[in-house]
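What the coordinates show
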Amino acid sequence: MREKLQRIPPNQKVTSEFPVLHIGSPPQFHRKTWHLTVEGLVENPLKLTYEELLKLPRIVRVSDFHCVTGWSRLDTKWEGVAFKTISNMAKPLKKALYVTIVAEGDYSTSLPLKELLSPDVLLAYKLDGSPLPTKHGGPLRLVVPKKYAYKSAKWVRILRFTVQQELGYWEKRGYSNSADPWKEERYE
Ligand SMILES: Nc1nc2c(c(=O)[nH]1)N[C@H]1C(S)=C(S)[C@@H](COP(=O)(O)O)O[C@H]1N2
Ligand SMILES: [Mo]
């Protein structure tokens, strides 16, 4: 494990808190009717209920979380389903190079499929051993540790596989689309 100091990207400050940051208000979770939709350029579109999601192979990942506004939270323990597991189930077509992640409400983000298949990327339903609190994105959020946290969409409901990248909420508003905290890619 790297020394903590070396784990902090340029111009970030470590916080021991876990700040809550989002636009709009968190949606209500109706466990019986909630589902995750996987659509677009896939051989096998999916509509998974919450119970079905919980039955998929579970992974635990400890990672650092970097918000573009300047705070970083180290050693955050997430539990859920590897993005790769869902992708393998959906069978992306060859031309599916990007995925748009659509949250409940007005929020979305997108990433190259290749980056989402990284072993540290997951759809999390637990945080530090407890069910993921609504304010942190429960019932389901994306976690992409290698990117600024605006790529880690909370309240995920749709994964859409696409040929071309659809810009997300902050990416449309001038934030970097590549969002690498180590290269300090904050703005486009
Ligand atoms: N649905 C949704 N997801 C979102 C956001 C949002 O506004 N809506 N904000 C992003 C930003 S900018 C950050 S820093 C993190 C914050 O996550 P946290 O509130 O769990 O700390 O969520 C990201 N995911
Ligand atoms: Mo953020």
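Below is a summary of the structure that appears in this document.

What counts and what doesn't
- Residues numbered from 1 in each chain as written.
- Chains lettered and ligands numbered in written order.
- Predicted model: local features only at pLDDT ≥ 70, side-chain atom pairs only at ≥ 80, totals over all residues.
- Heavy atoms only, no water.
- Helix = DSSP H or I, 4+ residues; strand = E, 2+ residues; numbered from the N terminus.
- Rg over C-alpha atoms; globule rule 2.2 N^0.38 Å.
- Buried < 20%, exposed > 50% of the residue type's maximum accessible area, 1.4 Å probe, protein only.
- Phe/Tyr/Trp six-rings, centres within 6.5 Å; stacked < 30°, edge-to-face > 60°.
- Lys NZ or Arg CZ within 6 Å of the ring centre and 35° of its normal.
- Near = heavy atom within 4 Å.
- Polar contact = N/O pair within 3.5 Å; in protein donor to acceptor, adjacent residues only side chain to side chain.
- Areas by Shrake-Rupley, 256 points an atom, 1.4 Å probe, with all protein chains shown as cover.
- 1 Å grid on protein atoms, 1.4 Å probe; cavity = no way out; pocket = protein on both sides within 12 Å on 5 of 7 lines; lining within 4 Å.
- Sits in = over half its atoms within 2 Å of the grid points.
- Nonpolar A, V, L, I, M, F, W, Y, C, P; charged D, E, K, R; others polar.
- Points joined across faces, edges and corners; volume = space filled by probe spheres on them.
- Pairing = 2+ DSSP bridges.
- Axes fitted to C-alpha atoms, helices over the stretch in contact; angles between N-to-C directions.
- Arc of directions from axis to C-beta.

Time to look at the overall build of the protein. The secondary structure content of the protein amounts to 4 helices and 11 strands. Over its C-alpha atoms the protein spans a radius of gyration of 16 Å, differing by no more than 12% from the 16 Å that the globule rule assigns to 188 residues. When its C-alpha atoms are laid out on the principal axes, the protein stretches across 45 × 35 × 35 Å. Expressed as a percentage of the 188 residues in the protein, the buried residues total 50%.

So, about the packing of aromatic side chains. Here the distance between the centres and the angle between the planes together describe a pair of aromatic rings. Counted by the stated rule, this structure contains 15 aromatic pairs. Their ring planes at 70° and their centres at 5.3 Å tell us that Phe18 and Phe65 sit as a pair that is edge-to-face. On the criterion of sequence distance, the pair formed by Phe18 in the loop between strand E1 (13-14) and strand E2 (35-40) and Phe65 in strand E4 (residues 59-66) is long-range, its members being 47 residues apart. The same class applies to Phe18 as to Phe65, namely buried. Geometry around Tyr169 places Arg173 over its ring, the cationic atom sitting 3.6 Å from the centre.

This part covers the site of ligand 1. Taken together, 20 residues form the shell around ligand 1, and within it Pro19, Ile23, His136, Arg141 and Lys154 come nearest. Pro19 is positioned with one of its backbone polar atoms (N or O) 2.6 Å from an oxygen atom of ligand 1. Contacts to ligand 1 include Lys154, whose side-chain N or O atom sits 2.4 Å from an oxygen atom. For ligand 1, the protein covers 97% of the area, taking 540 Å² as the surface of the free molecule. Given that more than half its atoms are within 2 Å of the pocket grid, ligand 1 belongs to the largest pocket. Partitioning the shell around ligand 1 into residue classes produces 14 nonpolar, 3 polar and 3 charged.

In this structure the tally under the stated criterion is 1 cavity of 30 Å³ or more. Lining the largest cavity, in full, are Ser63, Asp64, Phe65, His66, Trp78, Val143, Val144, Pro145, Lys147, Ala149 and Ser152. Its residues assigned to classes, the lining of the largest cavity shows 6 nonpolar, 3 polar and 2 charged.

A few words now on the sheet that holds strand E6 (residues 98-103). Taken together, the 5 strands give an open sheet; going across it, the order is E3-E2-E11-E6-E7, and neighbouring strands pair in mixed fashion. The open sheet has two edge strands, strand E3 (46-49) and strand E7 (108-112), and neither has a second partner. Strand-to-strand twist across the sheet, computed as the mean angle between neighbouring axes with direction ignored, equals 15°. In this sheet, E7 lies alongside E6 in antiparallel orientation, the contact comprising 5 bridges. Bridged to Val99 within E7 is Leu111.

Bringing helix H2 (residues 83-90) into the picture now. Considered for burial, the residues of H2 that qualify are Phe83, Ile86, Ser87 and Ala90. Along the axis of H2, the buried residues cluster in a sector spanning 100°; they form a single face. Once H2 finishes, Lys91 follows within two positions and takes phi at roughly 55°, a positive value.

Further remarks concern the pairing of E6. Counting buried residues in E6 gives 5 out of 6 residues, a clear majority hidden from the surface. Counted between consecutive antiparallel strands, the loop separating E6 from E7 contains 4 residues, among which Gly105 sits at a positive phi close to 95°.

Residue Pro139 is bonded to the preceding Gly138 through a cis peptide linkage, with omega at 15°. With respect to the secondary-structure elements, Pro139 resides in the loop between strand E9 (130-131) and strand E10 (141-143). Even without glycine at this site, Asn11 takes up a positive phi of about 60°. Within the fold, Asn11 resides in the segment before E1. Notably, Asp75 is not glycine yet its phi reads approximately 55°, a positive angle. Within the secondary structure layout, Asp75 lies in strand E5 (residues 71-82). Accessibility expressed as a relative area gives 28% for Asp75, which makes it partly exposed.

What is shown is where atoms sit, not what they do.
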